[in-house]
Amino acid sequence: MPAPPAPLTAGNQGGEVASEVLRLLSVRGLDMEPASIGNLCILYQSSDFLVVNKHWDVRIDSKMWYEKLTVQSQLKHQFPELADPNTYYGFRFCHQLDFSTSGALCIALNKMAAAKAYRCFRDRLVTKIYLALVRGHVSLGRMAINHAIGKSTTVGMTHMMCTVGMHGCQNPKPCQTELTVLERGFYSGDPVTKVLLQPLTGRTHQLRVHCSSIGHPIVGDFTYSLKTDNDPYRMMLHAYHLQIPVEGEPIEVTTPDPFMHTVDNNWEMGTHVNNLHNIIGELKEKYITEQFERSSTLEVQADKIPVKKPREETKEEREKCLQWLNEWAVS
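Reference entry: report on the structure contained in this document. (Residues numbered from 1 in each chain as written. Predicted model: local features only at pLDDT ≥ 70, side-chain atom pairs only at ≥ 80, totals over all residues. Heavy atoms only, no water.)

1. Brief notes about helix H3 (residues 71-78)
Within the sequence span of H3, burial applies to Val71, Gln72, Ser73, Gln74 and Leu75. Where H3 is buried, its residues touch strand S2 (49-54), strand S3 (92-93) and strand S4 (102-108). (Buried < 20%, exposed > 50% of the residue type's maximum accessible area, 1.4 Å probe, protein only. Helix = DSSP H or I, 4+ residues; strand = E, 2+ residues; numbered from the N terminus. Contact = heavy atoms within 4.5 Å.)

2. Observations regarding empty space enclosed by the protein
As enumerated under the stated definition, the model contains two cavities of 30 Å³ or more in all. There is about 40 Å³ of room inside the largest cavity. As for the largest cavity, its lining consists of His95, Leu97, Ala104, Lys128, Ile129, Tyr130, Ala239, His241 and Leu242. Elements with a contribution of two residues or more to the lining of the largest cavity: strand S5 (127-135) and strand S12 (237-244). By residue class, the composition of the lining of the largest cavity is six nonpolar, two polar and one charged. Here the second largest cavity is characterised by a volume of approximately 30 Å³. (1 Å grid on protein atoms, 1.4 Å probe; cavity = no way out; pocket = protein on both sides within 12 Å on 5 of 7 lines; lining within 4 Å. Points joined across faces, edges and corners; volume = space filled by probe spheres on them. Nonpolar A, V, L, I, M, F, W, Y, C, P; charged D, E, K, R; others polar.)

3. Side note on the pattern of salt bridges
A full pass over the atoms with the stated rule returns ten salt bridges. Two residues, aspartate 229 and arginine 135, come together in a salt bridge whose shortest N-O distance is 2.9 Å. Here the residue aspartate 229 occupies a position in the loop between helix H5 (206-213) and S12, and arginine 135 occupies one in strand S5, the gap between them amounting to 94 residues. Taking the shortest distance from any N to any O, the salt bridge between arginine 142 and glutamate 282 comes out at 3.3 Å. With arginine 142 in strand S6 (residues 142-145) and glutamate 282 in helix H6 (residues 276-304), this residue pair connects regions lying 140 residues apart in the sequence. Look at arginine 142 and you get partly exposed, because its relative accessible area is 45%. On the basis of relative accessibility, which here comes to 40%, the residue glutamate 282 falls in the partly exposed class. (Salt bridge = Lys/Arg side-chain N within 4 Å of Asp/Glu carboxyl O.)

4. Considerations on the packing of aromatic side chains
Considering all chains together, one arrives at two aromatic pairs under this definition. With a centroid separation of 5.3 Å and an interplanar angle of 75 degrees, the aromatic rings of tryptophan 56 and tyrosine 233 are classed as edge-to-face. On the criterion of sequence distance, the pair formed by tryptophan 56 in the loop between S2 and H3 and tyrosine 233 in the loop between H5 and S12 is long-range, its members being 177 residues apart. The class of tyrosine 233 is buried, set by a relative accessible area of 11%. Ring centres 4.9 Å apart and planes at 75 degrees place the aromatic pair tyrosine 88 and tyrosine 89 in the edge-to-face group. (Phe/Tyr/Trp six-rings, centres within 6.5 Å; stacked < 30°, edge-to-face > 60°.)

5. Here we look at the environment of lysine 116
Relative to the helices and strands, lysine 116 resides in helix H4 (residues 111-122). Each C-alpha atom, one on lysine 116 and one on isoleucine 244, is 9.8 Å from the other, the two residues being 128 residues apart in sequence. For lysine 116, the residues in contact, after removing those within four places along its chain, are Val246 and Glu247.

6. Topic: the environment of histidine 159
Within the element layout of this structure, histidine 159 appears in the loop between strand S7 (149-152) and strand S8 (161-163). Judged by relative accessible area, histidine 159 falls into the partly exposed class, the value being 47%. For the pair histidine 159 and threonine 223, spaced 64 residues apart in sequence, the C-alpha separation works out to 9.1 Å. Excluding residues within four positions of it along the chain, histidine 159 makes contact with His205 and Thr223.

7. Observations regarding the sheet that holds S8
With antiparallel pairing, three strands are arranged side by side in an open sheet as S8-S7-S9. Each edge of the sheet is formed by a strand with only one pairing partner; in this case those strands are S8 and strand S9 (169-173). Pairwise comparison of adjacent strand axes, ignoring direction, gives a mean angle of 35 degrees for this sheet. By the bridge criterion, three bridges tie S7 to S8 in an arrangement that is antiparallel. When the bridges of S8 are listed, isoleucine 149 appears paired with threonine 163. Contacting S7 and S8, H5 runs over the sheet at an angle of about 40 degrees to S8. (Pairing = 2+ DSSP bridges. Axes fitted to C-alpha atoms, helices over the stretch in contact; angles between N-to-C directions.)

8. Topic: the pairing of S5
Within a regular strand, side chains alternate between the sheet's two faces. Burial within S5 is extensive, with eight of its nine residues counted as buried. Here S5 runs beside strand S11 (residues 190-199); their pairing, made up of six bridges, is antiparallel. Along S11, the bridge assignment pairs alanine 132 with valine 195.

In structure tokens:
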């Protein structure tokens, strides 16, 4: 697999301007050199949470002795005092990112914070927005992808997910992804499209499977290109924006955009279609409106319904929460 593109250097940019460019790129984490134990970029930090900019081709955690470099090992190196000895990995990850996916990843620093984050994910209040480069030029400016996704039982493909109707697709569940085209251009001379992806459900490999299902697999996705796309140095999928409305500490983080010519000169923009910052603004406004409407509906219902004791979580709900919270507990 080819190496990452050479980062900008004072030698190829020239003078004081080059030094300033390098400083800004370094501060913002735009150069995103391959992961090492000491180069984890912190996007947000409080007494209860960390949000990091995960590198590509790094697992969040691993029990395999030979996998020395993981996000949890980076965290232990950088924040040894924050590791919780009562958990297996030392840190509670609030959600998952694939090995090949980079971007915003939230970590809870104690059990109470993890419980608050869990409730946001359980109630589907979390907003996750991804950037990707996909093969070919996507013709529509926006589309909703609604293919149900299940687990493949086909021999040699049992590590993969699949869409309903495909041979060997087991237990497909409804899934929805909204896709917005940002730019059409070329990567190493081949036609590609830069897209914004918002998963409205949370199935394993959902974005990768959905992009592949419409004939536009993600650039560098070796698995869902059936082992044919191995030229790029990484899979071009990045968790760009994360919003978790935690009670008392709403978290909102936007990472640098790794799919820019200034970061990777293999990417050449051709046609601009939609503005990334405008789209993010629209999604924020939509979220605020939905939260306001939800709050107003609850207030109206509260006025009409006699005051009752709040419903306690069922045994099944409590067990699910405990299982999630204790997922990293020492066995």
